[in-house]
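Given next are the chains, with one letter for each unit.
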Amino acid sequence: MAENSGRSSKSSVSGAGKGAVSAEQVHPIIILYLFYSSIEPSKSKCHVRRRKDILERKVIAGFNRLRQEQRGLASKAAELEMELNEHSLVIDTLKEVDETRKCYRMVGGVLVERTVKEVLPALENNKEQIQKIIETLTQQLQAKGKELNEFREKHNIRLMGEDEKPAAKENSEGAGAKASSAGVLVS
(Lines give C-alpha, C1' and ligand atoms only; values in the text may rest on other atoms or scores of the structure.)
Protein backbone atom coordinates (compact mmCIF):
# COMPACT_ATOMS: atom_id res chain seq x y z
CA MET A 1 0.00 0.00 0.00
CA ALA A 2 2.97 2.32 0.67
CA GLU A 3 4.08 1.85 -2.92
CA ASN A 4 0.61 2.61 -4.18
CA SER A 5 0.32 5.75 -2.04
CA GLY A 6 3.64 6.99 -3.48
CA ARG A 7 2.35 6.57 -6.99
CA SER A 8 -0.99 8.12 -6.27
CA SER A 9 0.72 11.26 -4.91
CA LYS A 10 2.12 11.97 -8.38
CA SER A 11 -0.26 14.15 -10.30
CA SER A 12 -0.79 14.10 -13.99
CA VAL A 13 1.76 15.70 -16.30
CA SER A 14 -0.69 17.56 -18.46
CA GLY A 15 -2.90 18.80 -15.62
CA ALA A 16 -6.15 17.64 -14.08
CA GLY A 17 -8.75 17.55 -16.75
CA LYS A 18 -10.40 15.36 -19.28
CA GLY A 19 -7.90 12.89 -20.71
CA ALA A 20 -5.31 13.45 -17.97
CA VAL A 21 -2.30 11.12 -18.11
CA SER A 22 -0.62 9.80 -14.99
CA ALA A 23 3.15 9.93 -14.51
CA GLU A 24 3.46 6.16 -14.82
CA GLN A 25 2.00 6.28 -18.34
CA VAL A 26 4.39 9.00 -19.67
CA HIS A 27 7.78 8.02 -21.06
CA PRO A 28 10.79 9.90 -19.52
CA ILE A 29 11.86 11.27 -22.94
CA ILE A 30 8.47 12.86 -23.39
CA ILE A 31 8.80 14.48 -19.97
CA LEU A 32 12.16 15.93 -20.99
CA TYR A 33 10.67 17.18 -24.25
CA LEU A 34 7.84 18.85 -22.39
CA PHE A 35 10.34 20.41 -19.99
CA TYR A 36 12.62 21.80 -22.71
CA SER A 37 9.77 22.94 -24.89
CA SER A 38 8.41 24.97 -21.98
CA ILE A 39 11.70 26.91 -21.54
CA GLU A 40 11.33 30.52 -22.49
CA PRO A 41 13.22 31.62 -25.63
CA SER A 42 14.87 34.46 -23.69
CA LYS A 43 16.71 31.92 -21.52
CA SER A 44 18.19 30.21 -24.56
CA LYS A 45 19.12 33.61 -26.01
CA CYS A 46 20.91 34.37 -22.75
CA HIS A 47 22.89 31.16 -23.16
CA VAL A 48 23.86 32.14 -26.73
CA ARG A 49 24.81 35.61 -25.51
CA ARG A 50 27.09 34.07 -22.85
CA ARG A 51 28.78 31.96 -25.50
CA LYS A 52 29.36 35.05 -27.64
CA ASP A 53 30.79 36.89 -24.63
CA ILE A 54 33.15 34.01 -23.91
CA LEU A 55 34.20 33.90 -27.58
CA GLU A 56 34.81 37.67 -27.62
CA ARG A 57 36.90 37.40 -24.46
CA LYS A 58 39.00 34.65 -26.05
CA VAL A 59 39.48 36.75 -29.21
CA ILE A 60 40.49 39.80 -27.17
CA ALA A 61 42.86 37.70 -25.06
CA GLY A 62 44.47 36.27 -28.20
CA PHE A 63 44.78 39.72 -29.73
CA ASN A 64 46.33 41.15 -26.54
CA ARG A 65 48.73 38.20 -26.37
CA LEU A 66 49.89 38.88 -29.93
CA ARG A 67 50.29 42.58 -29.17
CA GLN A 68 52.31 41.77 -26.05
CA GLU A 69 54.57 39.44 -28.03
CA GLN A 70 55.06 42.17 -30.64
CA ARG A 71 55.89 44.73 -27.94
CA GLY A 72 58.38 42.30 -26.38
CA LEU A 73 60.15 41.83 -29.70
CA ALA A 74 60.25 45.60 -30.29
CA SER A 75 61.57 46.21 -26.79
CA LYS A 76 64.33 43.64 -27.21
CA ALA A 77 65.27 45.07 -30.61
CA ALA A 78 65.47 48.60 -29.15
CA GLU A 79 67.62 47.34 -26.27
CA LEU A 80 70.02 45.65 -28.69
CA GLU A 81 70.12 48.79 -30.87
CA MET A 82 71.33 50.78 -27.85
CA GLU A 83 73.92 48.11 -27.09
CA LEU A 84 75.06 48.21 -30.72
CA ASN A 85 75.48 51.99 -30.50
CA GLU A 86 77.55 51.59 -27.31
CA HIS A 87 79.76 49.01 -29.02
CA SER A 88 80.24 51.33 -32.01
CA LEU A 89 81.16 54.22 -29.74
CA VAL A 90 83.71 52.15 -27.81
CA ILE A 91 85.20 50.69 -31.01
CA ASP A 92 85.59 54.16 -32.55
CA THR A 93 87.26 55.40 -29.38
CA LEU A 94 89.63 52.45 -29.13
CA LYS A 95 90.69 52.74 -32.78
CA GLU A 96 92.25 56.11 -31.99
CA VAL A 97 94.25 54.73 -29.05
CA ASP A 98 97.63 52.97 -29.04
CA GLU A 99 97.24 49.15 -29.27
CA THR A 100 99.53 48.51 -26.31
CA ARG A 101 97.51 50.71 -23.96
CA LYS A 102 95.74 49.02 -21.08
CA CYS A 103 91.95 48.91 -21.05
CA TYR A 104 89.38 47.19 -18.88
CA ARG A 105 86.60 44.96 -20.06
CA MET A 106 83.67 43.50 -18.16
CA VAL A 107 83.55 39.73 -18.64
CA GLY A 108 80.76 37.90 -16.80
CA GLY A 109 80.47 40.60 -14.15
CA VAL A 110 84.22 40.71 -13.55
CA LEU A 111 86.37 43.64 -14.67
CA VAL A 112 89.40 42.26 -16.53
CA GLU A 113 92.53 44.18 -17.54
CA ARG A 114 93.53 43.72 -21.17
CA THR A 115 95.24 45.63 -23.96
CA VAL A 116 93.41 47.45 -26.73
CA LYS A 117 94.90 44.97 -29.21
CA GLU A 118 93.13 42.07 -27.39
CA VAL A 119 89.80 43.83 -26.76
CA LEU A 120 89.15 45.48 -30.12
CA PRO A 121 88.66 42.25 -32.18
CA ALA A 122 86.34 40.83 -29.51
CA LEU A 123 84.26 44.02 -29.51
CA GLU A 124 83.99 44.00 -33.30
CA ASN A 125 82.92 40.35 -33.22
CA ASN A 126 80.28 41.14 -30.57
CA LYS A 127 79.04 44.05 -32.69
CA GLU A 128 78.58 41.75 -35.70
CA GLN A 129 76.70 39.20 -33.58
CA ILE A 130 74.42 41.92 -32.21
CA GLN A 131 73.70 43.13 -35.76
CA LYS A 132 72.70 39.60 -36.80
CA ILE A 133 70.41 39.25 -33.79
CA ILE A 134 68.80 42.62 -34.55
CA GLU A 135 68.15 41.52 -38.15
CA THR A 136 66.53 38.31 -36.90
CA LEU A 137 64.40 40.23 -34.39
CA THR A 138 63.34 42.67 -37.10
CA GLN A 139 62.19 39.79 -39.30
CA GLN A 140 60.31 38.23 -36.37
CA LEU A 141 58.75 41.61 -35.60
CA GLN A 142 57.53 42.00 -39.18
CA ALA A 143 56.11 38.45 -39.18
CA LYS A 144 54.36 39.14 -35.86
CA GLY A 145 52.91 42.35 -37.30
CA LYS A 146 51.50 40.45 -40.29
CA GLU A 147 50.07 37.79 -37.97
CA LEU A 148 48.50 40.51 -35.82
CA ASN A 149 46.93 42.23 -38.84
CA GLU A 150 45.57 38.93 -40.16
CA PHE A 151 44.08 38.21 -36.73
CA ARG A 152 42.48 41.67 -36.67
CA GLU A 153 40.95 41.18 -40.12
CA LYS A 154 39.78 37.65 -39.36
CA HIS A 155 37.98 38.69 -36.17
CA ASN A 156 36.99 42.21 -37.31
CA ILE A 157 38.85 43.89 -34.46
CA ARG A 158 38.87 47.67 -34.30
CA LEU A 159 40.99 49.69 -31.90
CA MET A 160 39.54 52.59 -29.97
CA GLY A 161 40.26 55.86 -31.72
CA GLU A 162 40.85 54.07 -35.00
CA ASP A 163 39.23 55.82 -37.93
CA GLU A 164 36.43 53.70 -39.40
CA LYS A 165 36.13 55.71 -42.63
CA PRO A 166 39.02 53.99 -44.47
CA ALA A 167 37.61 50.57 -43.59
CA ALA A 168 34.17 51.56 -44.87
CA LYS A 169 35.73 52.89 -48.07
CA GLU A 170 37.58 49.60 -48.64
CA ASN A 171 34.38 47.61 -48.07
CA SER A 172 32.44 49.69 -50.59
CA GLU A 173 35.19 49.40 -53.23
CA GLY A 174 35.73 45.63 -52.86
CA ALA A 175 33.40 43.55 -55.02
CA GLY A 176 33.05 40.57 -52.69
CA ALA A 177 33.67 42.34 -49.40
CA LYS A 178 31.02 41.90 -46.77
CA ALA A 179 30.22 44.69 -44.38
CA SER A 180 29.83 43.30 -40.92
CA SER A 181 28.44 45.18 -37.99
CA ALA A 182 29.73 42.52 -35.62
CA GLY A 183 33.20 43.04 -34.32
CA VAL A 184 35.34 43.48 -31.26
CA LEU A 185 36.41 46.86 -29.96
CA VAL A 186 39.71 46.80 -28.08
CA SER A 187 41.00 49.65 -25.97
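Residues numbered from 1 in each chain as written. Predicted model: local features only at pLDDT ≥ 70, side-chain atom pairs only at ≥ 80, totals over all residues. Heavy atoms only, no water.

Another aspect to go through is the overall build of the chain. Along the chain, the regular secondary structure elements total 5 helices and 4 strands. Secondary structure elements of the chain, listed N to C terminal, follow the sequence α-α-α-β-β-α-β-α-β. In the chain, which comprises 187 residues, the proportion classed as buried is 17%. Pairs at least 24 apart in sequence give 62% of the contacts found in the chain among residues at least 6 apart. (Helix = DSSP H or I, 4+ residues; strand = E, 2+ residues; numbered from the N terminus. Buried < 20%, exposed > 50% of the residue type's maximum accessible area, 1.4 Å probe, protein only. Contact = heavy atoms within 4.5 Å.)

This next bit is on the side chain of R152. If you trace the backbone, R152 turns up in helix α4 (residues 116-155). Beyond its immediate sequence surroundings of up to four residues, R152 is in contact with F63, I157, R158, L159 and E162.

Moving on, we get to α4. Taking 1.5 Å per residue as the helical rise, α4 with its 40 residues ought to reach 58 Å, and the 57 Å between its terminal C-alpha atoms agrees with that figure. Along α4, the positions that sit buried rather than exposed are V116, V119, L120, L123, I130, I134, L137, K144, G145, L148, F151 and R152. Within two residues after α4, N156 carries a phi angle of roughly 55°, on the positive side. (Expected span 1.5 Å × (residues − 1).)

For strand β1 (residues 102-107) and strand β2 (residues 110-115), the ladder comprises 6 bridges, and the chain directions are antiparallel. Paired with V107 across the two strands is V110, which belongs to β2. Between β1 and β2, which pair antiparallel one after the other, the connecting turn spans 2 residues, and G108 there sits at a positive phi close to 60°. (Pairing = 2+ DSSP bridges.)

With respect to the helices, strands and loops of the structure, G72 is situated in helix α3 (residues 41-95). Separated by 69 residues in the primary sequence, G72 and L141 have C-alpha atoms spaced 9.3 Å apart.

With the rule as written, the count across this model stands at 5 salt bridges. Put simply, R65 and E69 hold a salt bridge, and the shortest N to O gap is 3.2 Å. A residue pair is termed a helical-turn pair when its members lie 3 or 4 positions apart in one helix, as R65 and E69 do in helix α3 at 4 residues. A relative accessible area of 46% places R65 in the partly exposed class. When its relative accessible area of 31% is taken as the criterion, E69 is described as partly exposed. With a shortest N-O distance of 3.2 Å, K102 and E113 are connected by a salt bridge. (Salt bridge = Lys/Arg side-chain N within 4 Å of Asp/Glu carboxyl O.)

Residues of the chain with pLDDT of at least 70 account for 63%, and the chain-wide mean is 78. Here residues 1-16 is modelled with pLDDT under 50, and outside its nearest four sequence neighbours on either side it reaches 13 contacts, counting other chains as well. Confidence drops under a pLDDT of 50 for residues 172-181, and excluding neighbours within four residues, the segment shows 4 contacts in the predicted structure. (pLDDT = per-residue confidence, 0-100.)

Positionally, K144 belongs in helix α4. In this structure, K144 is in contact with L66, E69, Q70 and L73, ignoring residues within four places of it in sequence.

Let us now look at a nonpolar patch on the surface. Judged by side-chain polarity, Y104, M106 and L111 come together as a nonpolar surface patch covering roughly 380 Å² of accessible area. According to the relative accessible area criterion, M106 is exposed, its value standing at 55%. (Patch = residues over 30% accessible without salt bridge, like charges linked within 9 Å, V, L, I, M, F, W, Y side chains within 5 Å. Areas by Shrake-Rupley, 256 points an atom, 1.4 Å probe, with all protein chains shown as cover.)

Its identity is not glycine, yet N156 carries a phi of approximately 55°, on the positive side. Mapped onto the secondary structure, N156 falls in the loop between α4 and β3 (157-159). Residue classification places N156 among the partly exposed positions, given a relative accessible area of 27%.

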